[in-house]
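The chain contents come next:
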There are 4 protein chains.
Amino acid sequence: MSAPEISRKDLHEGRRNQLIDAALSLFAEKGYENATIKDLAEACGVAAGLVYHYFESKEDLLLSVFERHGFAAEMERVLLPAFDRPASEVLLEVVHSYYDLLVERESFMRMIIRESMTNPQLEERWTTMCNTGVQTLARYLAARVAAGELRAHDTEISARMLTHPVVVLRLTGGSVAQLSSIVDCLLEGINKKSGQG
Amino acid sequence: MSAPEISRKDLHEGRRNQLIDAALSLFAEKGYENATIKDLAEACGVAAGLVYHYFESKEDLLLSVFERHGFAAEMERVLLPAFDRPASEVLLEVVHSYYDLLVERESFMRMIIRESMTNPQLEERWTTMCNTGVQTLARYLAARVAAGELRAHDTEISARMLTHPVVVLRLTGGSVAQLSSIVDCLLEGINKKSGQG
Amino acid sequence: MSAPEISRKDLHEGRRNQLIDAALSLFAEKGYENATIKDLAEACGVAAGLVYHYFESKEDLLLSVFERHGFAAEMERVLLPAFDRPASEVLLEVVHSYYDLLVERESFMRMIIRESMTNPQLEERWTTMCNTGVQTLARYLAARVAAGELRAHDTEISARMLTHPVVVLRLTGGSVAQLSSIVDCLLEGINKKSGQG
Amino acid sequence: MSAPEISRKDLHEGRRNQLIDAALSLFAEKGYENATIKDLAEACGVAAGLVYHYFESKEDLLLSVFERHGFAAEMERVLLPAFDRPASEVLLEVVHSYYDLLVERESFMRMIIRESMTNPQLEERWTTMCNTGVQTLARYLAARVAAGELRAHDTEISARMLTHPVVVLRLTGGSVAQLSSIVDCLLEGINKKSGQG
DNA sequence: GATGAATGAGCCTTCATTCAT
DNA sequence: AATGAATGAAGGCTCATTCAT
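Residues numbered from 1 in each chain as written. Chains lettered and ligands numbered in written order. Predicted model: local features only at pLDDT ≥ 70, side-chain atom pairs only at ≥ 80, totals over all residues. Heavy atoms only, no water.

Caption draft 1: Spatial organisation of the protein's contact with DNA strand F. Neighbouring residues of DNA strand F: 31 residues in total, closest Ala47 and Tyr54 of chain A, Tyr52 of chain B together with Tyr52 and Lys58 of chain C. Of everything in DNA strand F that lies within 4 Å of the protein, sugar and phosphate atoms constitute 68%. Contact distances for DNA strand F include 2.9 Å between a phosphate oxygen and a backbone N or O atom of alanine 47 of chain D. Of all the secondary structure elements, the ones that give two or more residues to the surface near DNA strand F are helix 1 (8-30) and helix 3 (51-54) of chain A together with helix 1 (8-30) and helix 3 (51-54) of chain D. Among the elements that take part in the surface near DNA strand F, helix 1 of chain A stands out by supplying three residues, more than any other. Taken together, the residues of the surface near DNA strand F break down into 14 nonpolar, 12 polar and five charged. (Near = heavy atom within 4 Å. Polar contact = N/O pair within 3.5 Å; in protein donor to acceptor, adjacent residues only side chain to side chain. Helix = DSSP H or I, 4+ residues; strand = E, 2+ residues; numbered from the N terminus. Nonpolar A, V, L, I, M, F, W, Y, C, P; charged D, E, K, R; others polar.)

Here you go:
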């Protein structure tokens, strides 16, 4: 019985990922500029110089964090329900899943928001990610309009009204309990004449 | 008749404000850590040492920027219409004014968002500012519920659904044209059965 | 009686020159790459950071050394005697003055030779300096040919034969006593038939 | 008949020499301090660590370059013609061969000149090499004096006047065409009265 | 008030060298 | 022999901050 084979490449990837993950934590917590390479090395129990075997520069490390922790795909998955399921049933699920995703990816969220304020490349990345999410959900809503469930309207906007409050809620410490009200407001509106309960 | 008197104190205030305003620009553009005191001094055409005649430290300068450029008051003004005016008439105005305010205060917005990701004190400030705004608008909406115009609902959430998409729209390059759809969606909802002519 | 006035600009220049001079010493002794900014600062009794108030970078410092210690002008002065003085009388003086100049500027010589092996810009500078010197002396020799003192010949080459051995003599530890033989050989040649005792 | 045997020792020598030759190139081009072991390894297509199987340290590598590429012997061969051949016939050959040798060994020349400015041991090596060359040629010239071809004079100096301008010519981009003038000047002198038809 | 020289801590990065595999 | 991960000591450079003038 031989020991489980771990290839050199795997070891390399392993350490590299360890560094990236630790970098994400540090960058989110202290900010990119305030997190030092020494911090990172210590967090990983290695010498500072080693970081430069894996990344060309601190900025390259930052980009690698984005490469590894970007979650555009997960976001699209979460925001695109089956077209034949009714919105009344599905939207609450979507909003909750979205919220949970943001909780899970909080470090990344905080990091990208911070850096996108300053770095035009990252700003575009973040904008694209947001807009892609919005348009994904809008596509589903449009399908529900076509299916005759929802009235004709600007579905991109309704997608924004579902997703953006969730993001800000997360960042400004609002409670999860409010998520269902969001869906309700959006579906039913707040005008009395259109009311039903 | 003597020349208009400019007191020593006014001169002091003038220069101080000049420094603060330049600091806001720099902090918003490059980020607090990447903006140097020398940058600031150059932007104002003075020597670096002079900054320390007006502020105890760079951090003190940052706080002074918040002191001078915080716009909680303007936000409350914008988000609190007269209770007796109908939402159907007022909300579009509110959303537009809010959007315009964000445009006018863009530098400050970007700065506080960035710094609040990292600095707990500023995070609380930013959270409070957001929540105060939300609650101000919620108070108006509650008044309209009481007035019988709107149906009973969680007005804090509807306030979020009006304001948060506006913020994110601003930051991710959405167009102003979409503002009216926001109000419409919120008032009428998107359900077909709740009909809207 | 007031104290002697020393302007701020003079103080600046003074310190700047002190740094440049110390840098020349260090660069000549240890080589540019082996001389550290800390070395330099210590040699001048200041903090390392101060160097960067006077020079943008270590390379800028190197260039400043060249600016200040280049001696093309002195070299031309030394190598250009009055056209009407006979070579037989003047060349030994020239060679000695040239040798003395090289002794006085030894640090600079060693530095530029070393750096020109590696840095194309400096190589050109050094080449130009050499060639200018050669051509200056060649011009004088040509005047002596025209004056009928010397035979018609390639005066650039004879200028090289006077100056280059002096340089190498300096660098490889030859003795000053040999300088007069150089002049003699050049004037008289070494062929017996042209000999004169 | 077995295939040609290549001993382990030969393989070792082969790789060692490959490393040394690549090191010479790098040291000449970028300078010892600016050439990294990694540069060297890459140039040879091996891992950085391997260099230390062949050399104890970077300095040992430098010394090995001198061991392998020193050309004192070639220089002596080039600078020592048969004593019975007349200088008038031989010197131009010598100067050309010497020039060609310097062209062939340019990398080494540039390297040793550079390093000798800084490293006393190498300086001595370089000085010795120069002086040995000078004395070798001087010995031949002395033989020609004894043979009655040349007048009695300081032959070390005339050897310098033949060799040093050639070196500097090489380094400062002079043309080969000037070599014959050197010999002519030295043989005949430049004084008109010593006439030469 | 205003200047700018001076400090000193600390950061990113490089690199010769070692060593387990 | 060969690899490349890992180390650790510097080195160049930046910058908030102080202080004499």
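Caption draft 2: Spatial organisation of the protein's contact with DNA strand E. Taken together, the neighbourhood of DNA strand E is formed by 30 residues, with Tyr52 and Lys58 of chain A, Ala47 and Tyr54 of chain C together with Tyr52 of chain D sitting nearest. When the atoms of DNA strand E within 4 Å of the protein are sorted by group, sugar and phosphate make up 68%. A total of three residues in the surface near DNA strand E trace back to one element, the largest contributor, which is helix 1 (residues 8-30) of chain C. Broken down by class, the residue content of the surface near DNA strand E amounts to 14 nonpolar, 11 polar and five charged.

Caption draft 3: Layout of the interface of chain C and chain D. On the side of chain D, 51 residues touch chain C, which itself brings 52 residues to the contact. Each partner contributes to the roughly 4,800 Å² buried at the junction of chain C and chain D, and carbon and sulfur atoms together form 56% of this total. Looking only at chain C, the three residues that lose the most surface to chain D are Met117, Arg151 and Ile190 of chain C, adding up to 18% of its buried area. Between the two partners, chain C and chain D, sit six salt bridges. When the shortest N-O distance is used, the salt bridge between arginine 151 of chain C and aspartate 184 of chain D registers 3.4 Å. (Contact = heavy atoms within 4.5 Å. Buried area = accessible area lost by both parts, 1.4 Å probe. Salt bridge = Lys/Arg side-chain N within 4 Å of Asp/Glu carboxyl O.)

Caption draft 4: Region of the structure containing the relation of the copies chain A and chain B. For the pair chain A and chain B, the relating rotation is 180 degrees, the translation along its axis is 0.0 Å, and the fit reaches an RMSD of 0.1 Å. Both chain copies can therefore be described as sitting about a two-fold axis. Of the C-alpha atoms belonging to chain A, the one lying closest to the rotation axis is found on glycine 189 of chain A, 1.8 Å away. Most of the interface of chain A is mirrored in chain B, where 98% of its interface residues again form contacts. (Least-squares fit on C-alpha atoms with pLDDT ≥ 70 in both.)

Caption draft 5: Main features of the domain arrangement of chain A. Residue and element names in this part refer to chain A. Considered domain by domain, chain A is made up of domain 1 (8-68) and domain 2 (70-188). Relative placement of domain 1 and domain 2: their C-alpha centres are 30 Å apart. Between domain 1 and domain 2, the contact holds 12 residues from the first and nine residues from the second. When the two sides are added together, the surface that domain 1 and domain 2 hide from each other amounts to roughly 1,100 Å², 62% of it contributed by carbon and sulfur. The largest share of the area that domain 1 buries against domain 2 comes from Leu24, Ala28 and Phe66, three residues that together contribute 50% of it. Joining domain 1 to domain 2, the criterion identifies two salt bridges. Ionic pairing is found between arginine 125 and glutamate 67, a salt bridge with its closest N-O pair at 3.5 Å. (Domains from an automatic or database assignment.)

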